[in-house]
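Fold and contact review
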Amino acid sequence: MTDRPRQGHETLGFEEHAVVNLTIRPIDAHSVSPTEALAAVLAPELAATEAEIGARMASPVGLIPDVAHHLVDAGGKRLRPLLTLAAARTCGGGGQAAVKLATAVEFIHTATLLHDDVVDGSSLRRGKRTANLIWGDKASVLVGDFLFARAFNLMVETNSLHVLDILAKAASTIAEGEVLQLATTSRGEASRSRYYQVIEAKTAALFAAACKAGAITAGAPLEWVEALATFGLRLGLAFQLVDDALDYGGLSQVLGKNTGDDFREGKATLPLIIAFERSEGDERLFWQRVLARQHRDGDIDQALSILQAHGAVEATLQEARNHIQAAKTALALLPEGVIPTLLADLADYVVDRHT
């Protein structure tokens, strides 16, 4: 399969970026991350997306942009919008439709973070105090709702019912994942299958939808669309597995949250589940008490000790690597090019940067 023919320049349809030079300069792999390299290749589309994000967060109700900007401007790498833009470009597309979808994807993600922090009672996000801590739960929930509405405005403007269907389903799936996690936590479950249901719904579904929507707006053939959706799904699963492993890894400066937050919130993530599966006797009794939310002083230290003894964090990272391999296998169905290569590098980086 060969890539669609391109000339030295490609018209992307942005007034401020009417003509874009697609000459790719060598990137020093030691000086920038794959995310930064991908952002450099997609710089015109990403700049247009940033402008769209700023414009669409505007509101005469001043509290709305204040809350929204607090999180959106807090240092996120725009990974999900990048995936949308990358999928569109690698399939020979781009333009304003891709920018609007990338913006919609970022708004869906931001809205879920605002809601998550309220549900979890979180105080730290991306190294900053959470919006709910500053402005209160009600403001965070309502601004999250505003961003969801803006996302749907953007989807409608693309005039694609297929794309609207994909992202609308992703939004409802994320909400289902949140409710499922809440129910699982309240019941004190430690189920591997239920855990995967939760992370596929909460995290991986939006990764997959971001890639799929970008490919569809580019008019890609079905094989490419499904390959990119699979890549996004597997990348999203690995991303969440690594995040959950790092919650027990003492890398709060990387995550922008406190070590053991998931443990304190009673979330049975995969490291805990693996340790539970491998524990016997007093250790198993410890996990049963923890899962019943009967916490005591020093529990987090004991939990970290048991996880280390059973290699639970490394086992979780190995599962993440398995998903990364599946993601890269899906990319092999796409035409060769700079962006698929960078996407493969990005997939490796999701795990390797913290191991």
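Residues numbered from 1 in each chain as written. Predicted model: local features only at pLDDT ≥ 70, side-chain atom pairs only at ≥ 80, totals over all residues. Heavy atoms only, no water.

For the rest of this paragraph, the subject is the side chain of Thr203. On the secondary structure map, Thr203 appears in helix 9 (residues 192–217). Take Thr203: its relative accessible area is 9%, and that puts it in the buried class. Discounting chain neighbours no more than four positions away, the residues touching Thr203 are Gly236, Phe239 and Gln240. (Helix = DSSP H or I, 4+ residues; strand = E, 2+ residues; numbered from the N terminus. Buried < 20%, exposed > 50% of the residue type's maximum accessible area, 1.4 Å probe, protein only. Contact = heavy atoms within 4.5 Å.)

Quick look at the confidence of the model for the protein chain now. With 88% of its residues at a pLDDT of 70 or more, the protein chain has an overall mean of 87. Here residues 1–29 is modelled with pLDDT under 50, and outside its nearest four sequence neighbours on either side it reaches 60 contacts, counting other chains as well. Overall, residues 250–256 carries pLDDT values under 50, and its contacts beyond four positions in sequence, including any with other chains, amount to 15 contacts. (pLDDT = per-residue confidence, 0-100.)

Attention shifts here to unusual backbone geometry. The phi torsion at Arg78 lies on the positive side, around 55°, for a residue other than glycine. Along the chain, the position of Arg78 falls in the loop between helix 3 (63–72) and helix 4 (79–90). With phi around 60°, Asn159 is a residue other than glycine that occupies positive phi space. Residue position: Asn159 is located in the loop between helix 7 (137–157) and helix 8 (161–187).

With that settled, consider the nonpolar core. Ranked by size, the top nonpolar core spans 105 residues in total, and within it Leu38, Leu83, Leu167, Phe231, Phe263, Trp287 and Leu343 carry the most contacts. What Phe231 contacts, discounting residues up to four positions off in sequence, is Leu83, Cys211, Ala327, Ala330, Leu331, Leu343 and Ala347. (Core = buried A, V, L, I, M, F, W, Y, C linked by side-chain atoms within 4.5 Å.)

Tallying each qualifying case throughout the model produces 3 aromatic pairs. On the numbers, 5.4 Å between centres and 45° between planes, the contact of Phe207 with Phe239 is tilted. Separated by 32 residues along the polypeptide, Phe207 in helix 9 and Phe239 in helix 10 (residues 222–246) bring together distant segments of the chain. On the basis of relative accessibility, which here comes to 0%, the residue Phe207 falls in the buried class. Residue Phe239 is classed as partly exposed on the basis of its relative accessible area of 22%. (Phe/Tyr/Trp six-rings, centres within 6.5 Å; stacked < 30°, edge-to-face > 60°.)

In this section: the layout of surface pockets. In this model, the second largest pocket occupies a volume close to 270 Å³. Considering the residues around the second largest pocket, the lining is formed by 15 residues, among which Ile166, Lys169, Ala205, Ala209 and Lys212 are closest to the centre. Counting residues per element, the ones that place at least two in the lining of the second largest pocket are helix 8, helix 9 and helix 10. Looking at the lining of the second largest pocket, its residues break down into 8 nonpolar, 2 polar and 5 charged. (1 Å grid on protein atoms, 1.4 Å probe; cavity = no way out; pocket = protein on both sides within 12 Å on 5 of 7 lines; lining within 4 Å. Points joined across faces, edges and corners; volume = space filled by probe spheres on them. Nonpolar A, V, L, I, M, F, W, Y, C, P; charged D, E, K, R; others polar.)

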